[in-house]
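Tertiary structure, described
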Amino acid sequence: MTVVPETTEQDLDPRVLRDVFGTFPSGVVAVAGRVGGQLIGLAASSFTSVSIDPPLVSFSVARTSNTWPALREAGQLGISVLADHHDQLCRQLAGPADSRFDDLALRTSPGGAVLLDEAVATFTCSIHQEVDAGDHVIVLLRVHTVRADGDLSPLVFHESGFKRLHRDDLDPATLDGRINGEPVREGEPGGAEDAA
């Protein structure tokens, strides 16, 4: 096992932060909308669920983004969870703005949300709140509709590269409700009532 020395706040440079942040795997989404007849979108690896009541999700976008000021003008935004065969599509969404949607199968909601047909899941949303957060903006979105395709697996972004989920060596029956192989008893720390 490689041990990396601990850093202090004054030692944190952007490369160190990116490398350490990258140890946490995340999914990748397309955030897209139609504004004035034009399709606008970006790829984000910071998407997360936030709240069930009200239904909220979020993603973060750099304050320097040239896309977000235009995209935020859409009446609704579409969030499409990219599937594990979408690595090239993700690169396309990060490329030149005028060709991001070339040859993509998609649909548009009446409110302007742009959703990819082959996504693992889609969310039709509207902006709930924007929160300044350092060099990024956290965008909270109110969810209006959802759809999921249980047969697809998500694209994973990990250590600055795209990966796929592998479940071959896991038996869900032996993991369900267990911690370190031992059954979790109700009333003990870590029991079902403690799970969030």
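Anything mentioned here points back to the structure above.
Residues numbered from 1 in each chain as written. Predicted model: local features only at pLDDT ≥ 70, side-chain atom pairs only at ≥ 80, totals over all residues. Heavy atoms only, no water.

**Digging into the side chain of serine 80**
- Checked against the element boundaries, serine 80 lands in strand β6 (residues 77-81).
- The class for serine 80 is buried, based on a relative accessible area of 1%.
- The contact partners of serine 80, leaving out residues within four places of it in the chain, are Val28, Val29, Ala30, Val114, Leu115, Leu116, Ala119, Ala121 and Thr122. (Helix = DSSP H or I, 4+ residues; strand = E, 2+ residues; numbered from the N terminus. Buried < 20%, exposed > 50% of the residue type's maximum accessible area, 1.4 Å probe, protein only. Contact = heavy atoms within 4.5 Å.)

**Regarding the pattern of salt bridges**
- Applying the stated criterion across every chain yields a total of 4 salt bridges.
- Across the pair arginine 72 and glutamate 130 runs a salt bridge whose closest N-O atoms are separated by 2.2 Å. Separated by 58 residues along the polypeptide, arginine 72 in the loop between α2 (68-71) and β6 and glutamate 130 in strand β9 (residues 121-133) bring together distant segments of the chain.
- For arginine 72, a relative accessible area of 33% corresponds to the partly exposed category.
- When its relative accessible area of 28% is taken as the criterion, glutamate 130 is described as partly exposed. (Salt bridge = Lys/Arg side-chain N within 4 Å of Asp/Glu carboxyl O.)

**Concerning the sheet that holds strand β4 (residues 48-51)**
- Spatially, β3-β2-β6-β9-β10-β5-β4 is the arrangement adopted by the 7 strands of the open sheet, whose pairing is antiparallel. Either end of the sheet is taken by a strand with one partner, and the two such strands are β3 (38-44) and β4. For this sheet the average axis-to-axis angle between neighbouring strands, irrespective of direction, equals 35°.
- Note: β9 against strand β10 (residues 136-148), 12 bridges, orientation antiparallel. Pairing of alanine 133 across the sheet is with histidine 136, part of β10. (Pairing = 2+ DSSP bridges. Axes fitted to C-alpha atoms, helices over the stretch in contact; angles between N-to-C directions.)

**Examining the nonpolar core**
- Val31, Phe59, Phe123 and Leu141 are the most contacted members of the largest nonpolar core, which totals 23 residues.
- Counting residues per element, the ones that place at least two in this core are β2 (29-35), β3, β5 (56-62), α2, β6, β9 and β10.
- Residue contributions to this core peak at 4 residues, all from β10.
- Once residues within four sequence positions are removed from consideration, phenylalanine 59 is found in contact with Val31, Leu42, Ala44, Ser46, Phe47, Trp68, Val137, Ile138, Val139 and Leu141.
- Residues Val28, Ala32, Cys90 and Phe101 belong to the second largest nonpolar core, which totals 13 residues. (Core = buried A, V, L, I, M, F, W, Y, C linked by side-chain atoms within 4.5 Å.)

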